Amino acid sequence: MTLLLVLLFVLTAVAGTGVVLSRDPRRQVLAMSANGLILALLFFALQAPDVAYSELVVGTAALPVLYLVVLASIRAGRTRE
Amino acid sequence: MTPRLRLVLLALALACIAPALPAVIGALPVFGSHPLPYGDIINRLAPAERHVTNMVSAVNFDYRGFDTLGEEMMLFVAVTGTAVLLRGTRGEAITALPATVPGRQIPPHSEALVLTARWFAPVTILFGIYVVLHATVTPGGGFQGGVIIASGLLLLYLGEGYAGWRRFMRNGPLDAIEGGGAAAYALAGFGPMLVGAQYLQNVLPLGSMKLLLSGGLMVVVNASVAFAVAGGFGILFVEFLEETRAEDPTQ
């Protein structure tokens with residue numbers, strides 16, 4: 001195991017803990033996005049570039065955007081019968 | 001559930017799991033080892049049998065193509081369900097007005113954001129198309145390329161604003177791209193049956209290795225996955241973002 005992998009594993013653990021410990025939903029979404037970015041780097045370092053592509057886009061961009069949109073939608077408080 | 005009860009549950013669970021933990025960790029394969037033979041067999045066989053250099057695509061779109069059909073349908077059903085749920089309660093009308101929260105102003109679009117998004121959106125979409133086209137040659141494929149294209153669509157939203165974005169993110173074409181891709185995958189499986197082969201059997205000419213059109217049926221299947229994924233994520237973004245719009249007063 002190289003130093004790079006050790007570093008990325010530690011970063012993954014730190015970022016994952018950060019997601020769990022952040023209580024404000026908006027911050028949690030951003031923490032999750034950062035965790036996704038680190039996971040993508042980890043997959044890339046583990047020579048799985050196709051998984052890294054998927055994680056990078058889905059975990060770092062698509063999913064956080066959907067969460068942010070949901071939070072915005074809740075805040076805007078569209079009323080429905 | 002009170003915090004005390006939760007802690008008791010945690011202690012109980014730990015008491016059950018903890019004694020076995022060292023044994024399980026000790027029995028794990030060494031880091032980086034791959035004890036199962038499947039990967040090595042594919043690496044040895046796929047280049048000769050299918051003329052491709054990306055073994056992941058060979059597994060996804062050919063050797064286990066039927067499994068990918070199942071995943072494709074999962075995505076299709078998930079996106080359809082989201083669209084039905086959200087459109088069902090909201091209606092199909094499109095409003096250009098953003099919903100507002102009392103006491104909070106909507107900040108104007110910053111020029112730096114618009115410029116950055118306009119620079120990166122076309123490049124991102126182009127890169128997505130590149131990843132799709134090189135599915136059988138380099139890492140990546142229909143799904144990866146499709147989601148990269150979809151993230152380029154998000155950048156377009158950041159650059160152009162909602163109204164401008166919706167001018168080309170139309171419901172009809174997006175639905176057609178998503179549904180057409182999923183249908184093309186399922187139908188591509190029936191093609192080989194017309195000549196007496198099995199469902200999804202790779203009967204097309206395989207082409208020469210390292211060329212874009214290598215892999216036979218994989219090229220067709222990969223393209224349909226790319227359309228379904230890019231369209232599906234596009235629909236998701238549109239349906240979710242439409243939820244942040246103000247309700248149409250005429251409705």
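Once a new chain begins, its residue numbering starts again from 1 and follows that chain's sequence as written. Each chain takes a letter, starting from A, and each ligand takes a number, starting from 1, following the order in which they are written. This being a predicted model, a pLDDT of at least 70 is required before a residue's local features are given, and a value of 80 or more before pairs of side-chain atoms are given or counted; all residues contribute to the totals for chains, interfaces and linings.

### Quick notes on the overall build of chain B
Line of reasoning, step 1. Helix and strand counts for chain B stand at 9 helices and 0 strands.
Line of reasoning, step 2. Helix numbers and strand numbers start at the N terminus; a helix is a DSSP run of H or I with at least 4 residues, a strand a run of E with at least 2. Sequence-ordered secondary structure for chain B, helices as α and strands as β, is α-α-α-α-α-α-α-α-α.
Line of reasoning, step 3. Here the globule rule is a power law, 2.2 Å times the number of residues to the power 0.38, and the radius of gyration is based on C-alpha atoms. The C-alpha radius of gyration computed for chain B amounts to 24 Å, which surpasses the reference 18 Å derived for 251 residues by more than 25%, pointing to a less compact arrangement than a globule.
Line of reasoning, step 4. Dimensions of chain B, computed from C-alpha atoms along their principal axes, come out at roughly 65 × 60 × 35 Å.

### A word on the overall build of chain A
Line of reasoning, step 1. Within chain A, the secondary structure is distributed over 3 helices and 0 strands.
Line of reasoning, step 2. The secondary structure elements of chain A, listed N-terminal to C-terminal, are α-α-α.
Line of reasoning, step 3. A compact globule built from 81 residues would reach a C-alpha radius of gyration of about 12 Å, whereas chain A, at 15 Å, exceeds it by more than 25%.
Line of reasoning, step 4. Each of the three principal axes of chain A carries a C-alpha extent, and together these read 55 × 25 × 15 Å.
Line of reasoning, step 5. In this description, a residue-residue contact is defined by the distance between C-beta atoms placed from the backbone, which must lie within 7 Å. For chain A, contacts bridging at least 24 residues in sequence account for 43% of all contacts bridging at least 6.

### What to know about the environment of Leu37(A)
Line of reasoning, step 1. Tracing the backbone through its elements, the reader meets Leu37(A) in helix H2 (residues 25-45).
Line of reasoning, step 2. C-alpha of Leu37(A) to C-alpha of Val6(A): the two residues are 31 residues apart in sequence and 16 Å apart in space.

### Side note on helix H3 (residues 38-50) of chain B
Line of reasoning, step 1. Bend, at a single residue, is the angle you get between axes fitted to the 7 residues ending at that residue and the 7 residues starting at it. At Arg44(B), H3(B) is deflected by roughly 30 degrees, the largest bend along its length, and proline Pro47(B) occurs up to four residues later in sequence.
Line of reasoning, step 2. After H3(B) finishes, the residue His51(B) shows a positive phi value of roughly 60 degrees.

### Digging into the interface of chain B and chain A
Line of reasoning, step 1. Every contact between the two is made by 23 residues of chain B and, on the other side, 19 residues of chain A.
Line of reasoning, step 2. Within the residue set of the side of chain B that touches chain A, elements represented by two or more residues are helix H7 (142-168) and helix H9 (217-242) of chain B.
Line of reasoning, step 3. The dominant element in the side of chain B that touches chain A, judged by the number of residues it contributes, is H7(B), at 7 residues.
Line of reasoning, step 4. The nonpolar class holds Ala, Val, Leu, Ile, Met, Phe, Trp, Tyr, Cys and Pro. Asp, Glu, Lys and Arg form the charged class, and all remaining residues, Gly among them, are polar. Here the side of chain B that touches chain A is composed, by residue class, of 15 nonpolar, 6 polar and 2 charged.

### Quick notes on the nonpolar core
For soluble globular proteins, nonpolar side chains are generally found buried alongside one another.
Line of reasoning, step 1. Val147(B), Ala150(B), Ala228(B), Val229(B) and Phe233(B) are the most contacted members of the largest nonpolar core, which totals 54 residues.
Line of reasoning, step 2. Secondary-structure elements contributing two or more residues to this core are H2 and helix H3 (49-76) of chain A together with helix H4 (55-63), helix H5 (65-90), helix H6 (111-133), H7, helix H8 (171-194) and H9 of chain B.
Line of reasoning, step 3. A per-element tally of this core places H9(B) first, with 16 residues.
Line of reasoning, step 4. Excluding residues within four positions of it along the chain, Ala150(B) makes contact with Ala62(A), Ala230(B), Phe233(B) and Gly234(B). In this description, a nonpolar core means buried residues of the types Ala, Val, Leu, Ile, Met, Phe, Trp, Tyr and Cys, linked to one another by C-beta atoms lying within 7 Å. Here exposure depends only on C-beta density: within 10 Å of a residue's C-beta, 20 or more other C-beta atoms make it buried, 12 or fewer make it exposed, and intermediate numbers make it partly exposed, the C-beta atoms being placed from the backbone.

### Concerning the confidence of the model for chain B
All names here are of chain B.
Line of reasoning, step 1. With 98% of its residues at a pLDDT of at least 70, chain B reaches an overall mean of 90.
Line of reasoning, step 2. Per-residue confidence from the predictor is given as pLDDT, running between 0 and 100. Confidence, expressed as mean pLDDT per element, reaches its minimum in chain B at H3 with 90 and its maximum at H6 with 95.
Line of reasoning, step 3. Across the interface, the model reports ipTM at 0.89; the global pTM reads 0.89.

### Brief notes about the packing of H6(B) against H7(B)
Geometry of a packed helix pair, given as the angle between the helix axes and the separation of the axes.
Residues and elements named next belong to chain B.
Line of reasoning, step 1. Remark: H6 packs on H7, axes separated minimally by 8 Å, with the N-to-C direction vectors making an angle of 165 degrees. Comparing the axis directions of H6 and H7 gives the class roughly antiparallel. When the axes of H6 and H7 are compared, the crossing they make is left-handed.
Line of reasoning, step 2. Residue classes in the contact of H6 with H7 are distributed as 15 nonpolar, 9 polar and 1 charged. For helices, the fitted line uses only the C-alpha atoms of the stretch in contact; every axis is such a line through C-alpha atoms, and the angle between N-to-C directions lies from 0 to 180 degrees. Roughly parallel means an angle under 35 degrees; roughly antiparallel means over 145; roughly perpendicular covers 65 to 115; every other angle is labelled oblique. Each crossing gets its handedness from the near helix: less than a right angle anticlockwise from the far helix is left-handed, clockwise is right-handed.

### With respect to the environment of Pro108(B)
All names here are of chain B.
Line of reasoning, step 1. Within the fold, Pro108 resides in the loop between H5 and H6.
Line of reasoning, step 2. Using a count of 6 C-beta atoms within 10 Å as the deciding quantity, one classes Pro108 as exposed.
Line of reasoning, step 3. Sequence-wise, Pro108 and His134 are 26 residues apart; in three dimensions their C-alpha atoms are separated by 40 Å.

### Some remarks on unusual backbone geometry
Line of reasoning, step 1. In this structure, His51(B) is a non-glycine residue whose phi angle is positive, near 60 degrees.
Line of reasoning, step 2. Mapped onto the fold, His51(B) is located in the loop between H3 and H4.

### With respect to the environment of Phe9(A)
Line of reasoning, step 1. By the element assignment, Phe9(A) lies in helix H1 (residues 3-21).
Line of reasoning, step 2. Accessibility expressed as a C-beta count within 10 Å gives 14 for Phe9(A), which makes it partly exposed.

### Focus: the packing of H5(B) against H9(B)
All names here are of chain B.
Line of reasoning, step 1. Where H5 meets H9, the closest approach of the two axes is 10 Å, and the angle between their N-to-C directions is 20 degrees. What the angle tells us is that H5 and H9 run roughly parallel. Crossing angle aside, the handedness with which H5 passes H9 is left-handed. Counted together, Gly65, Glu72, Leu75, Phe76, Val79, Thr82, Ala83, Leu86, Arg87 and Arg90 of H5 and Val221, Val225, Ala228, Val229, Gly232, Ile235, Leu236, Glu239 and Glu242 of H9 form the full contact between these two elements.
Line of reasoning, step 2. When the residues that make up the contact of H5 with H9 are grouped by side-chain class, the tally is 11 nonpolar, 3 polar and 5 charged.

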